[in-house]
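Single-letter residue listing:
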Amino acid sequence: MRDWMPLLFCGLSVPLSLFMWLGNVAVSRLWSSDFEGVISFSHTESRVIPPVRWLFSTMAPLALMTVALRRGSVNRSGAALGILVAFVLSIASHPFFASLVVFFFSSSRATKFRAHMKRRFESDFREGEGQRNWVQVLCNGGMASQLALLYLLDCGSGERTVDFAREYRSSWLGVAVMSAFACCNGDTWSSELGSVLSHRDPVSILTWRRVPRGTNGGVSLAGIAVSLLGGLLVGFGYFVTVRYTVEAKMLLVSPPQWPIIVFGGIAGLFGSLLDSVLGGLLQYSGINEDGKIVDAPGKGVRHVSGLRILDNHSVNLISSIVTGVTIPVLAQKFWPVR
């Protein structure tokens, strides 16, 4: 069955995208007839998303999740929700989809990096690239998807530069989507790479005392550094996509776009540190008799840090929400003008 999946998805994507395009045209016509005389015909036409975009936004998510299933990066529930998340991001703006792709592949590789070492201290260790379920997909991509929907409803489908002076709403939402993914990527790199790259046990971000590897709220210099790099990578993916999808004449009159890379790094670092603070305070960490970190009290479990209020998924979601609404405010204040 898996050998036929790419061919099956390819065959389904063409009629499915055509059906959605026809629906888009019909809805736009009905919408324009209700407001006849108020909205111009050209404005109505601009609300119709081109069929090629529908096709790409259908095929690309299906292809992405097919690869993810084959590599063991997601399970079936994660792939199902992942298709919906990727579709929303792609139909709204290609840089949004690029941010997802960069986050997905780089975080999956980070999860697989030195897996034999993680097996020693992670009680919930999973083979391969993590096999994320629908809850993990929702908590990592939910904030970005909501922002992309707002972008689609308010600004329409299409790629735009970051220009707070001329395109405030699209710029704010664009930076917010990128920041949400940069936060998740920075946090994933910090926990998955920092725990195996550091030669010493991490320290608690709250008490600055040494804690076992894998403890929520534990930080290290290596983890902080890679969280910055993880955010920079997402920002770079967004920047490259803007450069190659936005019209040249728009780029010429817009401010420089390279700061998106810098703010991606800031989002990765800020999101990772915020995740550590929340995890250290509100997420239970204990060590069992086998020397592995667990997230619930039990027989033979020694408490290390945190209260049992939130789980890891909740912490990830809160961090992405806070980062997604904080970084655009900073970007607006410090973005260079032309």
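### Structural notes on the state of the cysteines
Turning to step 1, where the next piece is worked out: Counting across every chain of the model gives 0 disulfides.
Turning to step 2, where the next piece is worked out: The thiol of Cys183 is not disulfide-bonded; the next cysteine sulfur, from Cys184, is found 5.0 Å away.

### Topic: empty space enclosed by the protein
Turning to step 1, where the next piece is worked out: Scanning the model with the defined rule gives 3 cavities of 30 Å³ or more in all.
Turning to step 2, where the next piece is worked out: Approximately 170 Å³ is the volume attributed to the largest cavity.
Turning to step 3, where the next piece is worked out: Together, 16 residues line the largest cavity, and Met65, Leu100, Phe103, Phe104 and Val137 are the ones closest to its centre.
Turning to step 4, where the next piece is worked out: Elements with a minimum of two residues in the lining of the largest cavity: helix 4 (76-92), helix 5 (94-112) and helix 7 (134-154).
Turning to step 5, where the next piece is worked out: Each residue belonging to the lining of the largest cavity can be placed in one class, and the counts come to 9 nonpolar, 6 polar and 1 charged.
Turning to step 6, where the next piece is worked out: Estimated volume of the second largest cavity: approximately 50 Å³.
Turning to step 7, where the next piece is worked out: If you trace the second largest cavity, you find it lined by Ser93, Phe96, Tyr151, Arg160, Thr161, Val162, Ser170, Ser171, Gly174 and Tyr238.
Turning to step 8, where the next piece is worked out: Element by element, the count of residues in the lining of the second largest cavity is highest for helix 8 (residues 168-197), at 3 residues.
Turning to step 9, where the next piece is worked out: In terms of residue class, the lining of the second largest cavity is made up of 4 nonpolar, 5 polar and 1 charged.

### Concerning the packing of aromatic side chains
Turning to step 1, where the next piece is worked out: Per the counting criterion, the structure on display carries 9 aromatic pairs.
Turning to step 2, where the next piece is worked out: With centroids separated by 4.9 Å and ring planes inclined at 75 degrees, the aromatic side chains of Phe96 and Tyr151 adopt a geometry described as edge-to-face. Of the two residues, Phe96 is situated in helix 5 and Tyr151 in helix 7; the sequence distance between them amounts to 55 residues.
Turning to step 3, where the next piece is worked out: On the accessibility criterion, Tyr151 (2% relative accessible area) is buried.

### What about the nonpolar core?
Turning to step 1, where the next piece is worked out: The biggest cluster of nonpolar side chains holds 55 residues, and the ones touching the most others in it are Leu89, Phe96, Phe181 and Ile260.
Turning to step 2, where the next piece is worked out: Of all elements in the fold, only helix 3 (51-71), helix 4, helix 5, helix 7, helix 8, helix 9 (221-245), helix 11 (259-282) and helix 12 (312-334) reach the threshold of two or more residues within this core.
Turning to step 3, where the next piece is worked out: With 10 residues, the single largest contributor to this core is helix 8.
Turning to step 4, where the next piece is worked out: When residues no more than four places from it in sequence are discounted, the contact partners of Leu89 are Phe96, Phe97, Leu100, Ala144, Ser145, Ala148, Val177 and Phe181.

### Describing the sheet that holds strand 5 (residues 302-305)
Turning to step 1, where the next piece is worked out: The strand order 4-3-5 describes an open sheet built from 3 strands, whose pairing is antiparallel. Since the sheet does not close on itself, it has two edges, and those belong to strand 4 (293-294) and strand 5, each with one partner.
Turning to step 2, where the next piece is worked out: With 3 bridges connecting them, strand 3 (residues 285-287) and strand 5 associate as antiparallel partners. Its bridge partner being in strand 5, Ser285 is matched across the sheet by Ser305.

### What to know about the confidence of the model for the protein chain
A low pLDDT means the predicted coordinates there should not be read in detail.
Turning to step 1, where the next piece is worked out: On average, residues of the protein chain score 83 in pLDDT, and 81% of them are at 70 or above.
Turning to step 2, where the next piece is worked out: Of the regions scoring below 50 in pLDDT, residues 35-45 engages in 6 contacts with residues more than four places distant in sequence or in other chains.

### Topic: helix 3
Turning to step 1, where the next piece is worked out: The terminal C-alpha atoms of helix 3 lie 30 Å apart, and with 21 residues this matches the ideal 30 Å at 1.5 Å per residue to within 8%.
Turning to step 2, where the next piece is worked out: All buried positions along helix 3 are accounted for by Arg53, Trp54, Ser57, Thr58, Ala60, Pro61, Leu62, Leu64, Met65, Thr66, Ala68 and Leu69.
Turning to step 3, where the next piece is worked out: Gly72 sits one or two positions beyond helix 3 and adopts a positive phi of about 75 degrees.

### Focus: the pattern of salt bridges
Turning to step 1, where the next piece is worked out: Under the definition given, this model contains 5 salt bridges.
Turning to step 2, where the next piece is worked out: As a salt-bridge pair, Asp154 and Arg169 come within 2.6 Å of each other at their nearest N and O atoms. One end of the pair, Asp154, is in helix 7; the other, Arg169, is in helix 8, with 15 residues separating them in the sequence.
Turning to step 3, where the next piece is worked out: Classification of Arg169 as exposed rests on a relative accessible area of 51%.
Turning to step 4, where the next piece is worked out: Note that Asp163 is salt-bridged to Arg166, the shortest N-O span being 3.0 Å.

Scoring rules and cut-offs
Residues numbered from 1 in each chain as written. Predicted model: local features only at pLDDT ≥ 70, side-chain atom pairs only at ≥ 80, totals over all residues. Heavy atoms only, no water. Disulfide = S-S within 2.5 Å. 1 Å grid on protein atoms, 1.4 Å probe; cavity = no way out; pocket = protein on both sides within 12 Å on 5 of 7 lines; lining within 4 Å. Points joined across faces, edges and corners; volume = space filled by probe spheres on them. Helix = DSSP H or I, 4+ residues; strand = E, 2+ residues; numbered from the N terminus. Nonpolar A, V, L, I, M, F, W, Y, C, P; charged D, E, K, R; others polar. Phe/Tyr/Trp six-rings, centres within 6.5 Å; stacked < 30°, edge-to-face > 60°. Buried < 20%, exposed > 50% of the residue type's maximum accessible area, 1.4 Å probe, protein only. Core = buried A, V, L, I, M, F, W, Y, C linked by side-chain atoms within 4.5 Å. Contact = heavy atoms within 4.5 Å. Pairing = 2+ DSSP bridges. pLDDT = per-residue confidence, 0-100. Expected span 1.5 Å × (residues − 1). Salt bridge = Lys/Arg side-chain N within 4 Å of Asp/Glu carboxyl O.

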